[in-house]
Amino acid sequence: MLSRAAAIRRGAAAAFSTVSEKPETGLYGFDVLRTAKGFRRFVDDAIERSDELVAHVARLPSAPEIVRAMDEISNTVCSVIDSAELCRNTHPDREFVEEADKASMRIYEHLQYLNTNTTLYNAILKAEGESVLLTEEARRAATTLRIDFEKGGIHLPEDKLERVNQLNLEIAQLGRKFSENVMNKPGFVDVYPASRVPRNLRHHFKSVYRFNCGSFEKQSNQMSTAKQKGLRIVTDSENLSSALRWISDEEVRKQVYIVGNSEPRENIGVLNELIDARDELAKIMGCKSYADFAIRPNMAASADVVMSFLGDLSNIVRHKADEEFKAIQDFKRRICNEKSADLEPWDEDYFIGMMKSSLNNLDASVIAKYFPLSQCLKGLNVLVESLFGATFHQIPMRDGESWHPDVIKLSLRHPDEGDLGFMYLDLYSRKGKYPGCAHFAVQGGRRLSDSNYQLPIIALVCNFSNSSGITARLNHGDVETLFHEFGHALHSLLSRTEYQHFSGTRVALDVAETPSNLFECYAWDYRVLKTFALDETTGDAIPEKLVKALNASRNMFPATELQRQIFYSIMDLTLFGEQASKPMDTISTVADLRRKHTSWKCAEGTHWHTRFTHLINYGAGYYSYLYARCFATTIWQEICQEDPLSRSAGSTIRDKFLRYGGSKDPSSLLKDFAGDAIIRNSGGGIIPDINSLCKEIDL
């Protein structure tokens, strides 16, 4: 029988054509990373090269040369930062992880030195002042680099600048600690007897045992004991989701929910320290809050603009969300035959899932047979070939390049343009791996010469269940996640910017999630799904009736889901907004916001937000998911919906959006792409038009 890794490679081989083997190299194709300790040399080389470039810039060459040299410094440093970040989150070898972690901190300290280097700052001021000598993209690069320097406090007095450097380092360390606690301290619940967990879920959980004391035996006068089998449910995000969705025993769901949303306790203190550090940083930088500091460079321009947008949206959605809540509560009362039963937080996933399945006649096992891994990868090929005329080809890994046998490497190739970029796929969950799904950069794209372009390299990392072995089926939620991350991947692979500083997803935060949200739409369209979602036994395409049922299920509680995203966004803005007291009681603050902005109760004492890693990566920026959803819905309805796989739709997506990365003003980019109506001016900032979103969810 094939091993799971072999099965995955076999499935991928069926999806993509391959090219010949290549010689030995290091991790991600960097020769210096042949061993874990190679990260030390990787950092040394990056520091040496960036110092050479700093010396070159100090001689004040022409404005174009200054911008080009500054971008090369960024490219040199980012190659280490990005590689170390991917390694820290995915490599199974502890030595590699530890060396990547050390490299990450060393290169971050060097980045702080670069960001406060007055020689570089004065040079970019000179280049920006000579903007007439620069191309439009180079002018934007000069301005963006100058703003980045000033975000680091370079314009401040020396004592304040030193404090800003200390705070930035402290913030980075706290963020790392927060994420590591989420990964390493998920909590667990022991459930006895094991029969309280559905049979088809038990293989996900570890067996545990206890001895139950019985009565005294009459003849032996000894206490009899019986060994009872139970299950340990480790409450990481995947297991927590499965347990809350499928376990019918309400008491078990309650235990799992409370433990899963009360760990890691250590992050209560970590988050308080992070809030204080970010707040102090913002105050030194002349902002009233970290939220204002973080949002100022974005389209929204201020926290007040975002909070007003979110408040209006919360009010618009509330009535429909309350109606949906009542429908779920009535359903629970009918199922449980209790006329006064309350709806609890641990009921949401279970009863919503039950209602969707029963009303739409959905069987998860039937759906999954249309989505074996190899067919889903073919689906990605269908998309890029139909939309852009390109195809993916699997490239056998060179010795030392990969970090795990499950990983495959693809090139995106166009018949006229050649290779457009490279993508690693690391799709399966494993111990110690980053617990979510994400797009990681390895190398940004940039123009090296008139005839030579540095091709982008990225990694698409997911955590799909590996329990299905050779068949490797995905559920439809996994397919949607794959398409979401694929949208990020295409943004990186298809951008063609002069500077890596703008490559792919290096865009204003409140537009960054637009491609990923747009490609989620493709995962729900029958015209797309029928091209690759084939029954693995018969080869028949997924029935249109089943896709309609999936969409009907998706559309059952849209206000509840939108309300949740609004709550997350308001919570994020509030935690990093103006600080009325220190330390903030984040538990009661989040509980109050949940009661105010959702229809659901809050389980007392829980602190779900201490495992919400978006507070680290998207601090005061989670609202960007809602911005992006509004943008993507408008783009889908205006450009893609009529014929989603047409080359004309693909050309518009690529030529008017993806190719620019961050090299164009985002508001101009969106208007040129989808028309003036996609955005609106509000309070000195920009907010999305919500008409397409309201239409989609029938508001």
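For the protein chain, an unreviewed UniProt entry supplies the name Mitochondrial intermediate peptidase, mitochondrial and the organism Panicum miliaceum. The annotation that UniProt attaches to the protein chain under Sequence similarities (unreviewed entry) is "Belongs to the peptidase M3 family."

> I tried to follow the overall build of the protein chain on my own but got confused; where do I start?
When you go through the protein chain residue by residue, the secondary structure sums to 27 helices and 13 strands. On C-alpha atoms alone, the protein chain measures out to a radius of gyration of 26 Å, which is about the 27 Å that the 2.2 N^0.38 rule sets for 699 residues. With the C-alpha coordinates of the protein chain rotated into their principal frame, the extents come out at 95 × 60 × 60 Å. Looking at the protein chain as a whole, 56% of its 699 residues qualify as buried. Counted over contacts in the protein chain with a minimum sequence separation of 6, partners at least 24 positions apart contribute 74%.

> Teacher, can you tell me more about the packing of helix H18 (residues 514-522) against helix H24 (residues 623-640) here?
Two numbers describe a pair of packed helices, the interaxial angle and the distance between the axes. Following both chains from N to C, one finds H18 and H24 inclined at 50°, their axes separated by 8 Å at the closest point. Taken together, H18 and H24 sit at an angle that is classed as oblique. H24 is crossed by H18, and the crossing has right-handed handedness. Note on element contacts: H24 touches H18 through Tyr625, Ala628, Arg629, Phe631, Ala632, Ile635, Trp636 and Cys640, opposite Thr514, Asn517, Leu518, Cys521 and Tyr522.

> Is there a simple way to think about the nonpolar core in this case?
General note: in soluble globular proteins, nonpolar side chains tend to be found buried as a group. Grouped together as the largest cluster of nonpolar side chains are 133 residues, with contacts concentrated most on Phe371, Met423, Leu427, Phe486 and Tyr522. By residue number, the principal contributor to this core is H24, which donates ten residues. If we ignore the near neighbours within four places in the chain, the residues touching Leu427 are Leu373, Leu377, Lys433, Leu460, Cys462, Asn463, Phe464 and Leu482. Counting 57 residues, the second largest nonpolar core, distinct from the first, contains Ala142, Trp403, Val407 and Phe422.

> Honestly, the pattern of salt bridges in this entry has me stumped. Any pointers?
Close approach of charged atoms lets side chains of opposite charge pair. Following the criterion strictly, the structure yields 47 salt bridges and no others. In this structure, the salt-bridge partner of Glu498 is Arg68, at a minimum N-O distance of 3.5 Å. Of this pair, Glu498 sits in the loop between helix H16 (476-494) and helix H17 (509-512) while Arg68 is found in helix H3 (residues 63-90), placing the two residues 430 residues apart along the sequence. Among the residues examined, Glu498 registers a relative accessible area of 27% and is labelled partly exposed. A salt bridge links Glu561 to Arg564, with the shortest nitrogen-to-oxygen separation between them at 2.1 Å. Taken as a pair, Glu561 and Arg564 lie in helix H21 (residues 558-575) at a separation of three residues, close to a single helical turn. Residue Glu561 is classed as partly exposed on the basis of its relative accessible area of 33%.

> What am I meant to see in the environment of Ser465 here?
Tracing the backbone through its elements, the reader meets Ser465 in the loop between strand S11 (457-464) and H16. Considering only alpha carbons, one finds Ser465 and Asp51, 414 residues apart in sequence, at a separation of 45 Å. Those residues in contact with Ser465, other than ones at most four positions away along the chain, are His204, Glu238, Tyr428 and Ser429.

> How do you make sense of the side chain of Lys332 when you look at a structure like this?
Residue placement: Lys332 occurs in helix H12 (residues 303-336). Its relative accessible area of 3% is what places Lys332 among the buried residues. Side chain to side chain, Lys332 and Glu250 meet in a polar contact 3.4 Å long. Excluding its chain neighbours within four sequence positions, the residues that come into contact with Lys332 are Glu250, Asn337, Ala341, Asp342, Leu343, Glu344, Asp347 and Phe351.

> Is there a simple way to think about the state of the cysteines in this case?
Disulfides are covalent bonds that connect the sulfur atoms of two cysteines. Tallying each qualifying case throughout the model produces zero disulfides. Sulfur of Cys437: no disulfide; nearest cysteine sulfur belongs to Cys462 and is 4.0 Å away. We classify Cys437 as partly exposed; its relative accessible area is 26%.

> When you look at the packing of aromatic side chains in this model, what are you seeing that I'm missing?
What describes a pair of aromatic rings is the distance from one ring centre to the other and the angle between the planes of the rings. Under the criterion given, the structure shown has 32 aromatic pairs. Each ring, one from Tyr290 and one from Phe576, has its centre 5.9 Å from the other, and the planes form 65°; the classification is edge-to-face. Linking Tyr290 in helix H11 (residues 290-295) with Phe576 in the loop between H21 and helix H22 (586-597), this pair joins segments that are 286 residues apart in sequence. Taken individually, Tyr290 and Phe576 each receive the classification buried, so the pair is uniform in this respect. Ring geometry for Trp608 against Phe612: centres 4.8 Å apart, planes inclined by 35°, an arrangement best described as tilted. Taking the relative accessible area as the measure of exposure, Phe612 reaches 9% and is therefore buried. By the ring-pair criterion, three or more aromatic residues cluster together here, those being Phe567, Tyr568, Trp608, Phe612, Tyr618, Tyr622 and Tyr625.

Procedures and definitions
Residues numbered from 1 in each chain as written. Predicted model: local features only at pLDDT ≥ 70, side-chain atom pairs only at ≥ 80, totals over all residues. Heavy atoms only, no water. UniProt positions renumbered as here; feature names shortened; annotations may be inferred. Helix = DSSP H or I, 4+ residues; strand = E, 2+ residues; numbered from the N terminus. Rg over C-alpha atoms; globule rule 2.2 N^0.38 Å. Buried < 20%, exposed > 50% of the residue type's maximum accessible area, 1.4 Å probe, protein only. Contact = heavy atoms within 4.5 Å. Axes fitted to C-alpha atoms, helices over the stretch in contact; angles between N-to-C directions. Parallel < 35°, antiparallel > 145°, perpendicular 65-115°, else oblique. Left-handed = near helix turned anticlockwise from the far one by under 90°. Core = buried A, V, L, I, M, F, W, Y, C linked by side-chain atoms within 4.5 Å. Salt bridge = Lys/Arg side-chain N within 4 Å of Asp/Glu carboxyl O. Polar contact = N/O pair within 3.5 Å; in protein donor to acceptor, adjacent residues only side chain to side chain. Disulfide = S-S within 2.5 Å. Phe/Tyr/Trp six-rings, centres within 6.5 Å; stacked < 30°, edge-to-face > 60°.

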